[in-house]
Structure formats: C-alpha cells, structure tokens
Amino acid sequence: MQPIHLAWVDYSILIAYTLFVIGIGFALRRYLKTSSDYLSSGRSIPAWVTGLAFMAANLGALELVGMAANGAQYGVATAHFYWVGAIPAMIFLAVFMMPFYYGSKARSVPEYLNMRFDYRTRCFNSISFAVMTVFASGISMDALAKLLNVLLGWDYNLALVVTSAVVLVYVLKGGLTSAIYTEVLQFFMIVLGFAPVVWLGMKDVGGWHKMVQTLHGVSTSNGYAPDAWSSAWKPILAGPTHNPMGVNVFAIVFGLGFVLSFGYWCTNFLVVQRAMAAKDMTAARRTPLIAAVPKMLFPALVILPGVLAIALASMPDKAYHLPPVLIHDSAFPAVLADVKAATPQTADAAVAKISADVGQNMDAAKVTAIIKANSATPLSDTELKTELQDAVSDTYYNGVILSLVKRYCPPGLLGLALTALLASFMSGMAGNVTAFNTIWTYDLYQAYIAKNKSDRHYFVVGQATTVVGIILSIFCAYFAGHYSNAMNIVQLVFGFVNAPLFATFLLGMFWKRTTATGAFLGLVGGTMTSALFHALTLSVGDAPGIKGAYLWSMTRHSLPAICQFPSEMAQNFYLASFAFGVCFILTFAITLVTKRTKTDEDLKGLVYSLTPKIKDGDQPFWARPAVLGIILLIACIILNIIFW
C-alpha cells in the first residue's frame, strides 16, 4: 500500500481534533484538586457521559482494527464478540456487580479484592492487571503507528513517539475526567468517520445480497460450506473444521461468552472505572446498560468493513487486494542475499530459506519467478524489494480497515476517517494508561510502598505514573507488532489476566465461605495455567516461539497434534477456559480445607447473600436496571436469530 498525500482540509481536521483533546485536558486541570479528582473523577459524572465513555474506552485497536481484521479473517461469526461476548456480561455487571463495586466505596477492582479477601489477592491482581493495561495500550500504539506509517509514510518509531506524546499531555493534565470526556467525543468521531466508509463499501460491493453471494464463493474456495463467512451460528454448530475461526459451540459459549466476556466486562478495571466515576449508584448501574445499546449495533460499523473487504478481494473487476504483511526493513539484507545467491536449480531450497528470513509465508511460485528473473538479468535492490513484498502470502488483517479508508475516502472525508482512527487508538491508549496509574498509585504504591503520605504526594505520583505507563506501553507496542490481527493478542492477554480473575470474583461474590487463602492460591494457579497452556500449544501455521509452544522447542520435542489449534483465536478461547477452570477448582478445594478470616459482618456489602438488595420501586418500571437488562437481552437474541 503506497503512502497517500493528505489535502489541506484533511490536515486541518486532524490538527483541530488533536488541539481540541489537548485543550480538554488543560480546561479540566483547574478542577483537579485532589488525587481522587485526578484518578477517579471524584464520582461526579452523569450516567449518559459514563455510559458513552464505558463504550468508548473499548473502542481502541480492539474494535476498529481488531474487529475489522476478525471480520475479514473469520466472517460474520465475529459478531459473537458482541452478541454473546459482551451484551450478557454488561447486563450482569449492571444488575449484580455494580452494587458491590460502587457500594463498597472501593477506588479500584484490586481494592475490592482486598476488602473481600486480603492483601495477597489484591497485590497479585494489581501487578497482573498493570501488566495487562500496558500491553493493551501498546497494542493500540502499534496499530496507530502502523496506520501512520502505511498511509502517510511516517517512520514507525517517530509515529509511536508523537502519538504517545499527545495522549500523555491530555491525560497528564486532566486525569481520568479528561480521558472520559475525550472518550465521549471520540465515540461520535468514530461513528461519523466510519459510517461513510461502510456505506460506500456496501454500495461498491453491490449491496448485502450480492456480498453474501460472493462470500459463498469465498467459503467454498476455502473448503467450507457456503455460509461459513456469512452466517453467525451455522458454521459454528457444524464444528471447528467447518468455520474459519476453528471453534465449536463450547469455545464460543463457554470460552468467549462466559469466561472471556464476563472476565473482561465484570472485572476489567479499565471499563469498571468508568462506571465507578458516576455520580451515584443509579447512574453507576445504568452506565453499562447505556453502553450496551450502541455496543449491540456496532458490528455494522466495525465488523462489516472486514467482511466487505473479503468480498471485494474476490471480485476481479474491483481491483482490490487484501493488504499483505509488510517485510521489515531489517529482514531485507538477508533476504536480498538469499535471492542473489539462488539459481533456478536451487529455487526450492531458496524459497524455504527466504520464507524463514522474512518470518512470513511466501508464495513459492512468485519467489521462484523472482529468482529466475534475477538470474537472467540482475534486478536492482529496489526492484527486488517490491517483487518480494508482492510475494508475501500472509495477509496483514490489521491493515484491512486502512486499505478501505484509502480506497473510499476523498479529501475531507479522508481527514474525518483518519481522525476517527486516531480517536479510537488514543481512546484505547488513554483508557489503559488511566487505569494503570490508578492501580499503581492506589493498589501498589500507597498500599505497600509509601503508606500515609499526603494527598498531594499521591497526586504527583499519579501524574508520574502516567509518564511511566506511556513509556512501558511503547515497549509493549513492539511486542504487539508480531501479530497480524490485533484481536488475537488482545484475547490472549485477557486470557492470562481476566479469565482466572473471573473465577475468583464469581466464588467471592456468591459464596461467602470462600477464603482468602483459597482465592489467592486459586488465582495464582489459574494464571500459571494460562502460561503453561500457552507454552505448550500453538495455532496451525505459526512457528514455536512468541506465539506459543516454546517449551516443545526448548526441550527439542516436536509439537503433538493435540496441542495444535486451527487458529490463534481458538487457542485463546481454550486457554481462557482452562485458566478459569483451574482457578475455580483450586479456589473451591482450598477453601474447603482452610479457615475463614472474615466474619459475615465483615462481608456485608461485599457478598451477594449478605448485602441488602437495592430497592428500585421509586424508579419507573421501564427504567429499572433488571427490566432494561431483560429488554436488551431480548434484542440481542433477536439479532442472533436474524444472522443465524
């Protein structure tokens, strides 16, 4: 994909947006007097704002880049991340869990764990969650830097520094309040920026029915039933060998719909923090429900572009190609030497050597043709680089949304779409950084390193932690660059942290007998299970190493077939399921042989059976959280049936 040249109107939109969000940080700075104001917004924000911020905090690389990538790689079944993997958990959070979080006056999820169990569980979760937030922020940074590199020709490293600096300025000045209000703005920018891309893409492909017909051909050409890319449930019900995601009903319903979904939406402080910033209990409970409405409809905005891209790539008259994985500059010296040393007689061995040096799968026929052409008449390094890049057969799924923006957006609309992308990435970065500085300041620094300091001291530490979080995120961005689909690495990170944590919460909130020792050892065991599972398993097509199965290569053993999964996503779903199961069983078993350290009186407001039920009688029937939850659940079921 060649870099594009922005018109003055595009630059004007980008610069105006950047200055505006920085201005929000400076404008809110004067209202921040205490560490609570900076790190938790002083619990003063109305429900409609926290609801949209709750939604927008999840609108980073996870949504626009990752979901479009999933739509291209896995088809309409990606909608399960919303209608199975989000809405039910958001309803559960609003109805059952927010009363514990908000009512306990905890400033963070780890602080709640300390109230319910003890300092050990809090400390372990604080560390694991802090690691997760910087990785998640790094994923957004990597995606944004690649966007600027591919579309505008910016140097990748420079793009990382510039975008990080922008996020640092407005979060450093305005804290969580700045991040929340900026996220609301980003929500509207994303809708305005991407709705035209989807509309133009659908028009180009010939409408919904034409797209579905084309996807039938895509499915059959890949060895699946015709509806593998165009149906949500049929290919899943048929089994893992009948859908491109390589999963079955158990993986979707339990792995995604229960473990990963509830683990993320109910225990991830990044999103829970937005609800906890609401002005009162009613606003806090309504926050996830308000967010669930646009969340339910967002597949049309973020998944559909990827599905459209697959259809377009299968229409020869459209002259559209899915973006390939880019060969890194550092790989070219070795690869060019491979080509120059090869001859037509040694082409087969050279293809394998070139593929290994590139670190990607290469089209053998194209590489052989390059070798033959170079042997006949030596090509320049520039020509060889162009030809070799064209021979990469691995698709860079993260680049799908970028390629569509370039294809459909004229000046003005291009600036709006790029600003929407910028907004989404900065939203993900800012959300994770604000969660990181709160966790570090309250749950690690204040709790274990420097107790009983002045409020001003913690305020300054929170600001300093923001800088550290940005720097650590930059390092994590380089790790995220090894994955061609952002959603794959995001779900892997969630499997390590949120999956076992949800088992701890489930037992802790609904079984008062759960002991602190059981919770701590169960959580450690579940997290270690994630690490062991990842070290032993790998998806088909990946090499042992950073993506898993490194224990087999370290011990010089071949990877057993039972440890291979059809896709990285399938590997993630089962990793999360095992982590949850081990944590649940260990916590339950250890609880039975250990003593409780907290009485029923200590656990009031922290355990469901010991907490007075909230009365909603003073609210209109239709406005009660339980009723709203049922309505949303019915709407979600209808969507599943429509796209069955």
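Rules of the game
Going along each chain's sequence as written, the residues are numbered from 1 onward. Local features in a predicted model are, by the rule used here, given only for residues with pLDDT of at least 70; side-chain atom pairs are given and counted only at 80 or more, and totals for whole chains, interfaces and linings are based on all residues. Side-chain figures throughout are based on the complete set of non-hydrogen atoms in the structure, without hydrogens or water. A run of H or I in DSSP becomes a helix once it reaches four residues, and a run of E becomes a strand once it reaches two; helices and strands are each numbered from the N terminus. Only protein chains enter the area calculation, which uses a 1.4 Å probe; residues under 20% of their type maximum are buried, those over 50% are exposed, and those in between are partly exposed. Residues are treated as being in contact if the distance between any of their heavy atoms lies within 4.5 Å. Each accessible area is a Shrake-Rupley estimate made with a 1.4 Å probe; only the visible protein chains count as cover when residues are assessed. What makes a patch is a set of residues exposed beyond 30% relative accessible area and free of salt bridges, joined within 9 Å when like-charged and within 5 Å when nonpolar (Val, Leu, Ile, Met, Phe, Trp, Tyr). Salt bridge criterion: a side-chain nitrogen from Lys or Arg within 4 Å of a carboxyl oxygen from Asp or Glu. Interaxial angle, 0 to 180 degrees, is taken between N-to-C directions of lines fitted to C-alpha atoms, where a helix line uses only the stretch in contact. In these notes the angle categories are as follows: under 35 degrees is roughly parallel, over 145 is roughly antiparallel, 65 to 115 is roughly perpendicular, and the rest is oblique. Here a crossing is taken to be left-handed if its near helix is turned anticlockwise relative to the far helix by less than a right angle, and right-handed if that turn runs clockwise. Gly is placed with the polar residues, together with every amino acid not listed as nonpolar (Ala, Val, Leu, Ile, Met, Phe, Trp, Tyr, Cys and Pro) or charged (Asp, Glu, Lys and Arg). Side-chain atoms within 4.5 Å link the members of a nonpolar core, which is a set of buried Ala, Val, Leu, Ile, Met, Phe, Trp, Tyr and Cys residues. Expected span of a helix, by definition, is 1.5 Å for each gap between consecutive residues, and there is one gap fewer than residues. Stacked, tilted and edge-to-face are the three classes applied to pairs of Phe, Tyr and Trp rings, where Trp contributes its six-membered ring and a pair requires centres within 6.5 Å; stacked means planes under 30 degrees apart, edge-to-face means over 60, and tilted covers the rest. Ring-over charges, as used throughout, are those where CZ of Arg or NZ of Lys falls within 6 Å of the ring centre and within 35 degrees of the ring normal. For every residue, the pLDDT score states the predictor's confidence, bounded by 0 at the bottom and 100 at the top.

Trainee: Hey, could you run me through the overall build of the chain in this one?
Mentor: Check the secondary structure of the chain and you find 28 helices and 2 strands. Scored against the burial criterion, the 644 residues of the chain give a buried share of 59%. Taking the contacts inside the chain whose residues are at least 6 apart along the sequence as the reference set, 81% of them involve residues at least 24 apart. Carbon and sulfur atoms form 67% of the exposed surface of the chain, whose accessible area is close to 24,600 Å².

Trainee: I keep staring at a nonpolar patch on the surface and nothing clicks. Help me out?
Mentor: A surface patch of nonpolar side chains, about 430 Å² in accessible area, is lined by Val467, Val468, Ile471, Leu472 and Phe475. Locating Ile471 in the fold gives a position in helix H23 (residues 455-480). Ile471 sits in the partly exposed class, given a relative accessible area of 43%.

Trainee: Looking at this model, I keep getting lost on the packing of helix H4 (residues 64-74) against helix H16 (residues 304-313). Mind explaining?
Mentor: Two quantities define a packed helix pair, namely the angle between the axes and the distance from one axis to the other. Here H4 crosses H16 at 40°, and the two axes come no closer than 6 Å. Taken together, H4 and H16 sit at an angle that is classed as oblique. Crossing geometry of H4 relative to H16 is assigned as right-handed. Seen from H4, the contacting residues are Ala68, Gly71 and Ala72; seen from H16, they are Gly306, Val307 and Ile310. Among the residues forming the contact of H4 with H16, the class breakdown is 4 nonpolar, 2 polar and no charged.

Trainee: Looking at this model, I keep getting lost on the nonpolar core. Mind explaining?
Mentor: Burial of nonpolar side chains together is a common tendency in soluble globular proteins. With 159 residues, the main nonpolar core has Tyr101, Leu421 and Phe573 as its most contacted residues. Broken down by element, this core gets its largest block of residues, 13 residues, from helix H6 (residues 87-103). In this structure Leu421 touches Leu64, Leu147, Phe194, Ile401, Leu402 and Val405, once residues within four positions along its chain are discounted. The next biggest cluster of nonpolar side chains, apart from the first, holds 22 residues, and it includes Ile327, Val358, Val367 and Ile371.

Trainee: Help me out: how do you make sense of unusual backbone geometry in this one?
Mentor: Glycine aside, a negative phi is what most residues show, and trans is what most peptide bonds show. The backbone of Ala319 sits at a positive phi, close to 50°, despite the residue not being glycine. Tracing the sequence through the fold places Ala319 in the loop between H16 and helix H17 (332-341). Of the residues examined, Ala319 reaches a relative accessible area of 61% and is grouped as exposed. Of note, the phi angle at Arg556 is positive, near 60°, even though the residue is not glycine. Mapped onto the elements of the fold, Arg556 is located in the loop between helix H26 (550-554) and strand E2 (564-565).

Trainee: Got a minute to help me understand helix H28 (residues 625-642) in this structure?
Mentor: An α-helical turn contains 3.6 residues, so a residue and the one three or four places further along point in the same direction. With 18 residues, H28 should cover 26 Å at 1.5 Å per step; its first-to-last C-alpha distance of 26 Å lies within 8% of that length. Within the span of H28, buried status applies to Pro625, Val627, Gly629, Leu632, Cys636, Leu639 and Asn640.

Trainee: I would appreciate a short explanation of the pattern of salt bridges in the present structure.
Mentor: Opposite charge on two side chains allows them to pair when their charged atoms are near. The tally for this structure, following the rule as stated, stands at 10 salt bridges. Of the charged contacts in the structure, one is a salt bridge between Lys318 and Asp204, with a shortest N-O distance of 3.1 Å. With Lys318 in the loop between H16 and H17 and Asp204 in helix H9 (residues 156-205), this pair connects stretches of sequence that are 114 residues apart.

Trainee: How should I be thinking about the packing of aromatic side chains in this particular structure?
Mentor: Aromatic rings in a pair are described by how distant their centres are and how their planes are angled relative to each other. One pass over the structure, following the stated rule, counts 28 aromatic pairs. Ring centres of Phe92 and Phe96 lie 5.1 Å apart, and the angle between their planes is 35°; on these two criteria the pair is classed as tilted. Note that Phe92 and Phe96 are positioned in helix H6 at a spacing of 4 residues, about one turn of the helix. What makes Phe96 partly exposed here is its relative accessible area of 30%. In this structure, Lys385 packs its charged tip against the face of Phe332, placed 5.3 Å from the ring centre.

Trainee: Honestly, the side chain of Thr504 in this entry has me stumped. Any pointers?
Mentor: With respect to the element layout, Thr504 can be found in helix H24 (residues 486-510). Assessed through its relative accessible area of 0%, Thr504 is described here as buried. Not counting chain neighbours up to four residues away, the residues in contact with Thr504 comprise Phe117, Ala519, Leu523 and Cys583.

Trainee: Sorry, what's going on with the packing of helix H14 (residues 281-297) against H28 here?
Mentor: Packing of H14 against H28 brings their axes to within 10 Å, and their N-to-C directions diverge by 15°. What the angle tells us is that H14 and H28 run roughly parallel. Both H14 and H28 take part in a crossing whose hand is left-handed. Residues Arg285, Leu289, Ala292, Val293 and Met296 of H14 touch H28, and the partners they reach there are Pro625, Leu628, Gly629, Leu632, Ala635, Cys636 and Leu639. When grouped by side-chain class, the residues that make up the contact of H14 with H28 number 10 nonpolar, 1 polar and 1 charged.

Trainee: I keep staring at the environment of Glu111 and nothing clicks. Help me out?
Mentor: Inspection of the secondary structure puts Glu111 in helix H7 (residues 109-116). Taking relative accessible area as the criterion, Glu111 reaches 11% and is therefore assigned buried.

Trainee: I tried to follow the environment of Val95 on my own but got confused; where do I start?
Mentor: Positionally, Val95 belongs in helix H6. In sequence terms Val95 and Leu289 are 194 residues apart; their C-alpha atoms lie 9.1 Å from each other. Not counting residues up to four positions away in its chain, the partners in contact with Val95 are Arg285, Pro625 and Ala626.

Trainee: Looking at this structure, how should I read the confidence of the model for the chain?
Mentor: The predicted model of the chain averages 80 in pLDDT, with 86% of residues at 70 or higher. When mean pLDDT is taken per element in the chain, helix H25 (residues 516-536) scores highest with 92 and helix H2 (residues 35-40) scores lowest with 47. Taken together, the stretch residues 37-42 has pLDDT below 50 and engages in 30 contacts with residues farther than four places along the chain or on a different chain.

Trainee: Explanation requested: the environment of Leu200 in the structure shown.
Mentor: Tracing the sequence through the fold places Leu200 in helix H9. According to the relative accessible area criterion, Leu200 is partly exposed, its value standing at 24%. For the pair Leu200 and Leu404, spaced 204 residues apart in the sequence, the C-alpha separation amounts to 9.6 Å. Discounting residues that sit within four places of it in the chain, Leu200 has contacts with Tyr408 and Leu413.

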